[in-house]
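# A look at the structure
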Amino acid sequence: MIGLRRLFIIVLCWTRRMCVQSEDSFLRCTRRHRLKIVNVIHPISAIVLLGVIGFTLVYEVMYVGPEILGSSGCLYWLGCLFAGFVIFNILGNWWLSFKTDTTVNSLPAEQQTPAEGEAHLWHYCIACDRLVPPRSWHCRLCQGCMLKRDHHCTISGSCIGHKNQRYFICFLFHLTLGCGSALVFNGIYAWKTGSIMTADPIMLFFKMSDYSKDVDLDWKYTISIIFKLNMFLFVIALFMFCVQILMVHRNSTCYKILDRSYDLGWRRNFEGVLGKQLFWTLLSPTIISPLTNDGTKWFVKQHV
Ligand SMILES: [Zn+2]
Ligand SMILES: [Zn+2]
């Protein structure tokens with residue numbers, strides 16, 4: 001048991017060291033290549049996301065759906081409706097996480113300076129040359145201080161913070177739901193067409209199957225590759241969603257993921273991010289859900 005505990009501590013220390021090193025490299029990189037990241041990587045990420053969604057929609061609606069649900073029945077149209085709902089939520093939340101301004105400048109003028117007796121809680125940002133609220137941090141890419149900054153997101157091309165984290169979480173939820181549903185359908189389709197293992201490198205390496213007489217080999221190969229890529233995307237989306245939920249549950253942020261100083265209980269923590277409507281926000285990005293905090297005052301656990 002002591003050996004196992006020692007191993008666990010070593011892995012934890014190593015992970016933390018890796019995180020610190022990669023954060024240092026990221027900061028160095030953003031300092032040197034800010035314009036390239038903003039003008040090239042952000043648009044490419046957006047194009048890749050739109051491309052993947054478009055391709056998946058066409059593939060599911062034209063090939064997978066008709067094969068599994070029938071081509072014109074009620075089930076098929078219900079499937080299309082579900083796909084439309086998920087895509088609307090993915091794109092809507094993605095767009096609003098990009099468009100919502102979460103900088104300190106987005107606050108009303110009177111809230112941009114500390115209230116009487118609260119100046120000691122604020123800290124000075126050298127880049128902005130001003131005092132900023134607790135939990136706000138400067139982003140070199142966005143060139144501004146973000147309220148309760150979580151991280152800079154390349155996919156949405158913006159910082160995720162106090163005002164837009166709701167949209168980012170809903171985006172990840174629907175991305176996971178979309179990838180998960182597509183995975184089930186693609187898995188059934190690959191199984192039914194006998195192509196699930198067609199592109200498997202182990203099978204090909206050991207020549208475990210004779211594909212020489214298969215006239216549909218190219219199509220089966222495509223189905224198999226799409227299924228495996230789908231599996232990969234699902235794991236990434238699920239992982240990112242779970243990390244976000246873990247952080248909101250603790251009221252922490254990406255850079256201080258284990259910090260529970262602001263933990264006010266799960267309900268208040270989630271209300272602080274999703275707003276008063278809580279999980280109803282998962283139904284649509286257009287649902288109005290006011291936040292319970294203006295982003296400048298944060299209660300520390302022992303003061304509650
Ligand atoms: Zn700043
Ligand atoms: Zn940023």
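An unreviewed UniProt entry lists the protein under the name Palmitoyltransferase, with Drosophila kikkawai as the source organism. UniProt annotates the protein under Catalytic activity (unreviewed entry) with the comment "L-cysteinyl-[protein] + hexadecanoyl-CoA = S-hexadecanoyl-L-cysteinyl-[protein] + CoA". Recorded under Subcellular location (unreviewed entry), the UniProt text for the protein is reproduced unchanged: "Membrane".

### Details of the coordination of the zinc ion (ligand 2)
The protein atoms that coordinate the zinc ion (ligand 2) are Cys-139 (SG), Cys-142 (SG), His-152 (ND1) and Cys-159 (SG), at distances of 2.1 to 2.3 Å. In this structure, the zinc ion (ligand 2) is coordinated by four donor atoms arranged in tetrahedral fashion, with angles at the metal of 98 to 116 degrees. Read in sequence order, the donor residues for the zinc ion (ligand 2) give the motif C-x2-C-x9-H-x6-C.

### Quick notes on the UniProt feature "transmembrane region" (unreviewed entry) in the protein
If you check UniProt for "transmembrane region" (unreviewed entry), the listed places come out as residues 40-63, 75-96, 167-191 and 225-248 in our numbering. This span, residues 40-63, is 100% helix and 0% strand, and a straight line between its end C-alpha atoms measures 34 Å. The distance separating the terminal C-alpha atoms of residues 225-248 is 35 Å; by composition the span is 100% helix and 0% strand.

### Considering the pattern of salt bridges
Applying the stated rule across the entire model yields three salt bridges. The shortest N-O distance in the salt bridge between Arg-260 and Asp-263 comes to 3.1 Å. Between Glu-271 and Arg-267 there is a salt bridge; the shortest N-O distance is 3.8 Å. Residue Glu-271 and its partner Arg-267 are located together in helix α6 (residues 266-274), separated by four residues, close to a single helical turn.

### A short note on the coordination of the zinc ion (ligand 1)
The zinc ion (ligand 1) binds to the protein through Cys-125 (SG), Cys-128 (SG), His-138 (ND1) and Cys-145 (SG); the donor distances cover 2.1 to 2.3 Å. Viewed at the metal, the four donor atoms of the zinc ion (ligand 1) are separated by angles of 99 to 119 degrees, and the geometry they form is tetrahedral. Donor residues binding the zinc ion (ligand 1) come from one chain and are separated in sequence as C-x2-C-x9-H-x6-C.

### Side note on the side chain of Thr-176
Note on placement: Thr-176 falls in helix α3 (residues 165-192). Looking at Thr-176, the relative accessible area reads 8%, which means it is buried. Within polar-contact distance, the side chain of Thr-176 engages the backbone oxygen of Ala-237 at 3.4 Å. In contact with Thr-176, other than residues within four places in its own chain, are Phe-234, Ala-237, Leu-238 and Phe-241.

### Considering the nonpolar core
Among the nonpolar cores identified, the biggest contains 21 residues, and Leu-49, Ile-90, Phe-168, Ile-169, Phe-171 and Leu-175 are the most heavily contacted of them. Sorting the residues of this core by element identifies α1 (2-69), α2 (74-99), α3, α5 (217-250) and α6 as the ones contributing at least two each. In this view, Leu-49 contacts Trp-94, Ile-155, Phe-171 and Leu-175; residues no more than four positions away in its chain are not counted.

### Notes on the packing of α5 against α6
Two elements in contact, α5 and α6, have axes whose closest approach is 7 Å; the angle formed by their N-to-C orientations is 115 degrees. By the angle class used here, α5 and α6 are roughly perpendicular. Facing Ile-245, Val-248, His-249 and Arg-250 of α5, the residues of α6 in contact are Trp-266, Asn-269, Phe-270 and Val-273. For the contact of α5 with α6, a count of residues per class yields five nonpolar, two polar and one charged.

Definitions and limits used
Position labels on residues start from 1 in each chain and follow its written sequence. Chains carry letters and ligands carry numbers; both start at the beginning, A for chains and 1 for ligands, and go up in the order they are written. Only residues with pLDDT of at least 70 get local features here, since the model is predicted, and only at 80 or more are side-chain atom pairs given and counted; chain-wide, interface and lining totals rely on the full set of residues. Only hydrogens and water are set aside; all other atoms, that is, all heavy atoms of the structure, feed into the side-chain values. UniProt positions are given in the numbering used here, feature names are shortened, and annotations may be inferred rather than shown by experiment. Metal-coordinating donors are taken as N, O and S atoms lying within 2.8 Å of the metal, or within 3.2 Å when the metal is Na, K or Ca; because water is left out, some sites can appear incomplete. The rule is simple: four donors are tetrahedral if all their angles sit between 85 and 135 degrees, four are square planar and six octahedral if opposite donors span more than 155 degrees and the others lie between 65 and 115, and anything that fits none of that is irregular. Numbered from the N terminus, helices here are DSSP runs of H or I no shorter than four residues, and strands are runs of E no shorter than two. In what follows, salt bridge is the name for a side-chain nitrogen of Lys or Arg lying within 4 Å of a carboxyl oxygen of Asp or Glu. Relative accessible area decides the class of each residue, using a 1.4 Å probe on protein chains only: under 20% of the type maximum gives buried, over 50% gives exposed, and in between gives partly exposed. Within 3.5 Å is the distance limit for a polar contact, defined as a pair of N or O atoms, with the added protein rule that one can donate a hydrogen and the other accept it, and that residues adjacent in sequence qualify only through two side-chain atoms. Throughout, a residue-residue contact means that at least one pair of heavy atoms, one from each residue, lies within 4.5 Å. Only buried Ala, Val, Leu, Ile, Met, Phe, Trp, Tyr and Cys residues count toward a nonpolar core, and they belong to the same one when joined by side-chain atoms within 4.5 Å. For every element, the axis is a line fit to its C-alpha atoms; helices are fit only across the contacting stretch, and the angle between N-to-C directions ranges from 0 to 180 degrees. We call two directions roughly parallel when the angle between them is under 35 degrees, roughly antiparallel when it is over 145, roughly perpendicular when it lies between 65 and 115, and oblique otherwise. Gly is placed with the polar residues, together with every amino acid not listed as nonpolar (Ala, Val, Leu, Ile, Met, Phe, Trp, Tyr, Cys and Pro) or charged (Asp, Glu, Lys and Arg).

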